[in-house]
Each structure stands twice: as structure tokens, then as C-alpha cells.
Amino acid sequence: MDATPDGPASHRAVLDEVGPRLRRLRDRHGLTLAALSEETGISKSTLSRLESGQRRPSLELLLPLARTYRVALDELVGAPAVGDPRVRMTSRAMRDGGTSVALTQGLGPLQAYKMVIPDRGTDPDLRTHEGYEWLYVLAGRLRLVLAGHDLVLGPGEAAEWDTRTPHWFGSADGRPVEVLSLFGKQGERMHVVAKPKPKPGPET
């Protein structure tokens, strides 16, 4: 007999996503395993096994992680809301002073966020991690440093890249920048299609 949507198969799928979700949260907060270990009291090896899926999450491990990341426990686990598909959007403070609002419930391979990015200075701290990211600027001017490129994006402009490429982004003019972000695990490339501009008609 096939498992029901709320049966064992569904539970396994939720648990299988906890590790990648924990890794994405750590990347979002700019934490190393050593720094996270200091904040939570959980050993680096245990944190690494949690993120890789080699260890199943337990309440005693998830509670300090939820406190550190400032997320509700059910959001950390990604437990689906019963009968209500609406996303509970809650603003979260980022370590650099910006804010992030999750626009998805974290159940699928792609995650969407609305972020307000503060002034991060003019000295880029390039980082790499697994995944693929797409950014769309809603308001303000975004500076994006990607490997050998140093770009400025304005409202209505977008960029996408493999996050294994050294990258950094922040305000281009010292004022906050508002962006939409799609983030996927390794190999999950975004396919964002813009509405084509109408072709000019024949001159009369």
C-alpha cells in the first residue's frame, strides 16, 4: 500500500530536507561550523553530520539552532502547515543588520526571500558555498562582486550565479537595497523568464 500524504514517506521527506535547510541557514548567517558550535554548544562533527543528513535531528539539537537562527522550531524543521498553503512571512534580522523574509515554506529545492541589504562597506569579503542564486533588485543600487566582475545593479535588473564562485554583494551607495532572492541547492538552477518586449510594428 502506498503511503498517504501524511504518512511515513511524507515524514521522511521532511526530515531529509532538515540538513540542507540547516546548511542554507548557516550560509545565510555567514557562520562557520566552529562559530556555530560556540554559539550552540553542539560539536562541529555533530553539526556537520546534521547538515549532511548523516544524523537525524533531535529536539535537543534543534532547539539551540532555532534560538541561534531566530526561527520557530516548525520553520526550522519545515513541517507543512495542515490545510493552509499560505506562507507565514516573518521578518528576520541578519547578522549584518539587514532583514530577510522567507517567501516559501522551505519544502522544495528552491527557496525565495525578500531581503533588505544594508551598507556592508566597500571591502568585499568574497565567499563560496554550494548552491545557485538569483537576485532581482526591487529598490536601491546593489554592488555585486563575482569572481573578476565588479557590477552595480539598479531596480529591475537581475543576476544569477553558481555560489561556488567567489561572490559578495552589498549596497553600492551606502543606502539599503531591497532585493528578491531565489536560492537553490547544488545543481538546482533557476529558470526565470521575463516577458518579451513587443516587436515594433512596420512604419506607416
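A few points on the structure. In this text the structure is predicted, and so the values were computed from the model without any measurement.

When helices and strands are tallied, the protein chain shows five helices and nine strands. The linear arrangement of helices and strands in the protein chain, starting from the amino end, is α-α-α-α-α-β-β-β-β-β-β-β-β-β. Burial status across the protein chain gives 34% buried among its 204 residues. For the protein chain, the share of sequence-separated contacts (at least 6 apart) that also reach a separation of at least 24 residues comes to 59%. Surface summary for the protein chain: the accessible area is close to 12,300 Å², and the carbon and sulfur share equals 54%.

Here we take up the pairing of strand β8 (residues 167-171). Of all five residues that make up β8, five are buried, and the element is covered over most of its length. Sheet topology note: the strand β5 (residues 142-146)/β8 ladder contains five bridges and is antiparallel. Pairing of valine 145 across the sheet is with tryptophan 168, part of β8.

Right, let's talk about the packing of helix α2 (residues 33-40) against helix α4 (residues 59-69) for a bit. Interhelical geometry of α2 versus α4 gives an angle of 105° and a closest axis separation of 9 Å. The orientation of α2 relative to α4 falls into the category roughly perpendicular. Side by side, α2 and α4 meet where Leu36, Glu39 and Thr40 of the first sit next to Pro64, Leu65, Thr68 and Tyr69 of the second. Grouping the constituent residues of the contact of α2 with α4 by class yields four nonpolar, two polar and one charged.

Attention shifts here to the packing of aromatic side chains. Within the structure shown, the criterion is met by two aromatic pairs. Centroid distance tryptophan 134 to tyrosine 136: 6.1 Å. Interplanar angle 15°. Geometry classified as stacked. Taking the relative accessible area as the measure of exposure, tyrosine 136 reaches 28% and is therefore partly exposed. Between the aromatic rings of tryptophan 161 and phenylalanine 169, the centroid separation amounts to 6.1 Å while the plane-to-plane angle is 65°, which identifies the pairing as edge-to-face. One exposure class covers both tryptophan 161 and phenylalanine 169, and it is buried.

For helix α3 (residues 44-52), the set of buried residues is Thr46, Leu47, Leu50 and Glu51. Considered in projection along α3, the buried side chains sweep an arc of 135° and stay on one side of the axis. Of the residues one or two after α3, glycine 53 is the one with positive phi, at around 85°.

Here we come to the pattern of salt bridges. Note that side chains of opposite charge can pair when their charged atoms are close. The tally for this structure, following the rule as stated, stands at eight salt bridges. Aspartate 125 is the partner of arginine 127 in a salt bridge, and the nearest nitrogen-oxygen pair spans 3.3 Å. Overall, arginine 127 belongs to the partly exposed group, its relative accessible area being 41%. Measuring nitrogen to oxygen at the nearest pair gives 3.1 Å for the salt bridge that ties arginine 175 to aspartate 173.

Two quantities define a packed helix pair, namely the angle between the axes and the distance from one axis to the other. Across the interface, α2 lies against α3 with an axial gap of 9 Å and an inter-helix angle of 110°. It follows that α2 is roughly perpendicular to α3 by the angle criterion. Seen along the crossing, α2 lies across α3 with a hand that is right-handed. Contact residues: α2 offers Leu33, Ala34, Leu36, Ser37 and Thr40, while α3 offers Lys44, Leu47, Ser48 and Glu51. For the contact of α2 with α3, a count of residues per class yields four nonpolar, three polar and two charged.

A few words now on the nonpolar core. In this structure, Leu22, Leu36, Leu65, Tyr69 and Leu76 are the most contacted members of the largest nonpolar core, which totals 16 residues. For this core, the secondary structure elements donating two or more residues are α1 (8-28), α3, α4 and α5 (73-77). With five residues, α4 is the single largest residue contributor to this core. Aside from chain neighbours lying at most four places away, what touches leucine 65 is Leu22, Leu36, Thr40, Ile42, Leu47, Leu50 and Leu76. One finds Tyr113, Ile117, Leu144 and Leu146 within the second-largest nonpolar core, a separate group that totals 15 residues.

Thresholds, definitions, all that
Counting starts from 1 at the beginning of each chain's written sequence and moves along it residue by residue. With the structure being a predicted model, the display of local features is reserved for residues of pLDDT at least 70 and the display and counting of side-chain atom pairs for 80 or more, all residues being used for whole-chain, interface and lining totals. Processing note: side-chain calculations cover all non-hydrogen atoms of the structure and skip hydrogens and water entirely. Only runs of H or I of at least four residues qualify as helices and only runs of E of at least two qualify as strands under DSSP, and these elements are numbered from the N terminus. The classification of residues rests on relative accessible area computed with a 1.4 Å probe and restricted to protein chains. Under 20% of the type maximum is buried, over 50% is exposed, and intermediate values are partly exposed. Whether two residues touch is decided by their heavy atoms; if any such pair falls within 4.5 Å, the residues are in contact. For the accessible areas, the method is Shrake-Rupley and the probe is 1.4 Å, while residue cover comes only from the protein chains on display. If DSSP finds at least two bridges between two strands, the strands pair. Fitted lines through C-alpha atoms serve as axes, helices being fitted only where they are in contact, and the angles separating the N-to-C directions of these axes extend from 0 to 180 degrees. For classification, angles of less than 35 degrees are called roughly parallel, those exceeding 145 degrees roughly antiparallel, those between 65 and 115 degrees roughly perpendicular, and all remaining angles oblique. All residues other than Ala, Val, Leu, Ile, Met, Phe, Trp, Tyr, Cys, Pro, Asp, Glu, Lys and Arg, Gly among them, are scored as polar; the first ten of these are nonpolar and the last four charged. Aromatic rings from Phe, Tyr and Trp, with only the six-membered ring used for Trp, were paired whenever their centres fell within 6.5 Å, and each pair was classed as stacked if the ring planes differed by under 30 degrees, edge-to-face if by over 60, and tilted otherwise. Within this analysis, the arc is defined by the directions that extend from the helix axis to the C-beta atoms. Take a side-chain nitrogen of Lys or Arg and a carboxyl oxygen of Asp or Glu: if they are within 4 Å of each other, that pair is a salt bridge. By the definition used in this description, the sense in which the near helix is turned from the far one sets the handedness, with an anticlockwise turn below a right angle giving left-handed and a clockwise turn giving right-handed. Among the buried residues, those of types Ala, Val, Leu, Ile, Met, Phe, Trp, Tyr and Cys that are joined through side-chain atoms within 4.5 Å form a nonpolar core.

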